Amino acid sequence: MAALRRRLGDFAAARDWQPYHTPKNLAAALSVEASELVEIFQWLTPEESARVMADPKTAARVEDEVADVLAYLLQFCDVLEIDPLAALAAKIDRNEQRFPIGGSEPSCRHSM
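Residues numbered from 1 in each chain as written. Predicted model: local features only at pLDDT ≥ 70, side-chain atom pairs only at ≥ 80, totals over all residues. Heavy atoms only, no water.

Re the overall build of the protein
Part 1 of the argument: Of the regular secondary structure elements, the protein holds five helices and zero strands.
Part 2 of the argument: N-terminal to C-terminal, the α/β element order of the protein is α-α-α-α-α.
Part 3 of the argument: At 17 Å, the protein has a C-alpha radius of gyration far larger than the 13 Å of a compact globule built from 112 residues.
Part 4 of the argument: Viewed in the frame of its principal axes, the protein has a C-alpha envelope of about 50 × 40 × 25 Å.
Part 5 of the argument: Burial statistics for the protein: of 112 residues in total, 18% are counted as buried.
Part 6 of the argument: A fraction of 56% describes how many contacts in the protein between residues 6 or more apart in sequence connect residues 24 or more apart. (Helix = DSSP H or I, 4+ residues; strand = E, 2+ residues; numbered from the N terminus. Rg over C-alpha atoms; globule rule 2.2 N^0.38 Å. Buried < 20%, exposed > 50% of the residue type's maximum accessible area, 1.4 Å probe, protein only. Contact = heavy atoms within 4.5 Å.)

Some thoughts on the environment of Met1
Part 1 of the argument: For Met1, the location among the structural elements is in the segment before helix H1 (2–14).
Part 2 of the argument: On the basis of relative accessibility, which here comes to 43%, the residue Met1 falls in the partly exposed class.
Part 3 of the argument: Each C-alpha atom of the pair Met1 and Leu74 lies 8.9 Å from the other, and the pair is 73 residues apart in sequence.
Part 4 of the argument: Apart from the residues within four sequence positions on either side, Met1 is in contact with Leu74 and Leu85.

Concerning the pattern of salt bridges
Part 1 of the argument: Considering all chains together, one arrives at one salt bridge under this definition.
Part 2 of the argument: Linking Asp78 and Arg5 is a salt bridge whose minimum nitrogen-to-oxygen distance equals 2.5 Å. Of the two residues, Asp78 is situated in helix H4 (residues 56–80) and Arg5 in helix H1; the sequence distance between them amounts to 73 residues.
Part 3 of the argument: For Asp78, a relative accessible area of 32% translates into the label partly exposed. (Salt bridge = Lys/Arg side-chain N within 4 Å of Asp/Glu carboxyl O.)

Concerning unusual backbone geometry
Part 1 of the argument: With phi around 55°, Asp16 is a residue other than glycine that occupies positive phi space.
Part 2 of the argument: Within the secondary structure layout, Asp16 lies in the loop between H1 and helix H2 (23–41).
Part 3 of the argument: Taking relative accessible area as the criterion, Asp16 reaches 56% and is therefore assigned exposed.

Brief notes about the confidence of the model for the protein
Part 1 of the argument: Per-residue confidence for the protein gives a mean pLDDT of 93, with 92% of residues at or over 70.
Part 2 of the argument: Per-residue pLDDT, averaged within each element of the protein, yields its smallest value for H1 (93) and its largest for H2 (98). (pLDDT = per-residue confidence, 0-100.)

And the structure:
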């Protein structure tokens, strides 16, 4: 993960993109890329969406969008000095307390 973050930073620095990599711009870009991922699945049935990786062309699109989402998320974390793995671990810890095993079913609107 650290190597990928450095590589992304080096890529942006070599192109003088840092002035544009503000938290606001990176959050917006992350949202756009996540929307592009959603677009692939927009009109698929649940069954079709489960088989999306079976088509090589669609699979490549999904992988590209996942890469874009992850790249912008990592750049966002770098700018704000967030350790994404530590943030995720802390969120899981909170959710284990919030949603104990054997508790009531969470609504489909809960956030991880």
